[in-house]
Amino acid sequence: MAKLPREFLQWNYFARRELLLKLSSGGFEDPKLLFIEFTRHNPVLCTAAVGEGGDVEVNGKVIGVGYVLKPEYIPEAARRLEEHLKATDEAVAAGLRNQKEIVKEHAARGLRLLLDLVYLEPEAAEERVDFEKLASVELALRIPHSSKHTWSILQRSRKACLVFYQPPSISYEVRCSVSVDEGGAYHRFVNLIHDAYHYTPPEKRGGRPVYLFHVEEVYDNSASPQGFGRRLV
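These figures come from a predicted structure and were not determined experimentally.

### Examining a nonpolar patch on the surface
Okay, so step 1: Taken together, the side chains of Val50, Val56 and Val58 make up a nonpolar region of the molecular surface, amounting to roughly 300 Å² of accessible area.
Okay, so step 2: Structurally, Val50 is set in strand E1 (residues 44-50).
Okay, so step 3: Judged by its relative accessible area of 53%, Val50 falls in the exposed class.

### Here's the deal with the side chain of Arg40
Okay, so step 1: Secondary-structure assignment places Arg40 in the loop between helix H3 (31-37) and E1.
Okay, so step 2: With residues up to four places along the chain from it excluded, the contact list for Arg40 reads Trp11, Asn12, Ala15, Arg16, Phe164 and Gln166.

### Side note on the packing of aromatic side chains
Within a pair of aromatic rings, the relevant descriptors are the distance that separates the centres and the angle that separates the planes.
Okay, so step 1: Enumeration according to the criterion identifies 13 aromatic pairs in this entry.
Okay, so step 2: When the ring of Tyr67 is compared with that of Tyr119, the centres are 6.0 Å apart and the planes differ by 90 degrees; the resulting orientation is edge-to-face. Pair noted here: Tyr67 is in the loop between strand E2 (56-62) and helix H4 (74-94) and Tyr119 is in the loop between helix H5 (99-117) and helix H6 (122-128), with a separation of 52 residues, a long-range link. In this structure, Tyr67 and Tyr119 share a single accessibility class: buried.
Okay, so step 3: Through successive ring pairs, a cluster of aromatic residues spans Tyr13, Phe14, Tyr67, Tyr119 and Phe131.

### Describing the state of the cysteines
Okay, so step 1: Taken as a whole, this structure holds zero disulfides when the rule is applied.
Okay, so step 2: For the unlinked cysteine Cys161, the closest cysteine sulfur is that of Cys46, found at 4.1 Å.
Okay, so step 3: The buried category is assigned to Cys161, whose relative accessible area is 16%.

Reading guide: rules and limits
- Starting from 1, residues in each chain are numbered consecutively following that chain's sequence as written.
- Given that this is a predicted model, residues contribute local features only at a pLDDT of at least 70 and side-chain atom pairs are listed and counted only at 80 or more, while totals for whole chains, interfaces and linings are drawn from all residues.
- The side-chain figures draw on all heavy atoms in the structure; neither hydrogens nor water molecules are used.
- Exposure above 30% relative accessible area and the lack of any salt bridge qualify a residue for a patch; like charges then connect within 9 Å, and the nonpolar side chains Val, Leu, Ile, Met, Phe, Trp and Tyr within 5 Å.
- Residue burial considers only the protein chains on display, and all accessible areas are found by Shrake-Rupley using a 1.4 Å probe.
- In the sections that follow, a salt bridge refers to a side-chain nitrogen of Lys or Arg positioned within 4 Å of a carboxyl oxygen of Asp or Glu.
- Strands are runs of DSSP state E lasting at least 2 residues, helices are runs of H or I lasting at least 4, and numbering of each runs from the N terminus.
- Only protein chains enter the accessibility calculation, which uses a 1.4 Å probe; a residue whose area is less than 20% of its type maximum is buried, one above 50% is exposed, and one in between is partly exposed.
- Any two residues whose heavy atoms approach within 4.5 Å at even a single point are treated as in contact.
- Aromatic pairs are defined between Phe, Tyr and Trp rings, using the six-membered ring for Trp, whenever the two ring centres lie within 6.5 Å; interplanar angles under 30 degrees are classed as stacked, those over 60 as edge-to-face, and all others as tilted.
- Criterion for a disulfide: a pair of cysteine sulfur atoms within 2.5 Å.

Geometry only, nothing functional implied.
If you want it as structure tokens, here you go:
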């Protein structure tokens, strides 16, 4: 496995920390800037495998990806995230306040938690965050009409790449191998990170496997003199 290079982390991880700080202090005057910033979170996951007839089946879908902590830091972070989610569950179940207001407070509290636990200043991030991995929650399996192309292909081939693009010219390609966690520590932790901001009712939290993307190679595919497929690791 390889570690995500500093160049990529400056553009992605540390810029995402700045985005969370901005959102937690009031957001953007121009909402269009928020859409551009979110491209750091939403790469295309590209997968491929040989089909039954011998043809290569390919698929690409836009997903959300995030970071995970090193194993020794996950239990305490998961505990705090569970407390956060439980507090919102109890407030919703009590039915004493407007649910939209509760969910809005949940998102604001979740932003602060993500800044405390996952999106850290450089020295703390180096110590606590596992920069050899990215992660995503598979949300499509519980939707009856979903094609489930990604899930099907990953049963046959665990090689993939994540293609990031931020208009007008920035692009990175992260080649990786994929593991799937359906009930372990990463499954619990990554689902909690997702639900820290995006509140999900208890009855809709099942059937969400977690993909772990183990970094192997990273390329700068930006349309710049330093890009066009320059390998970073």
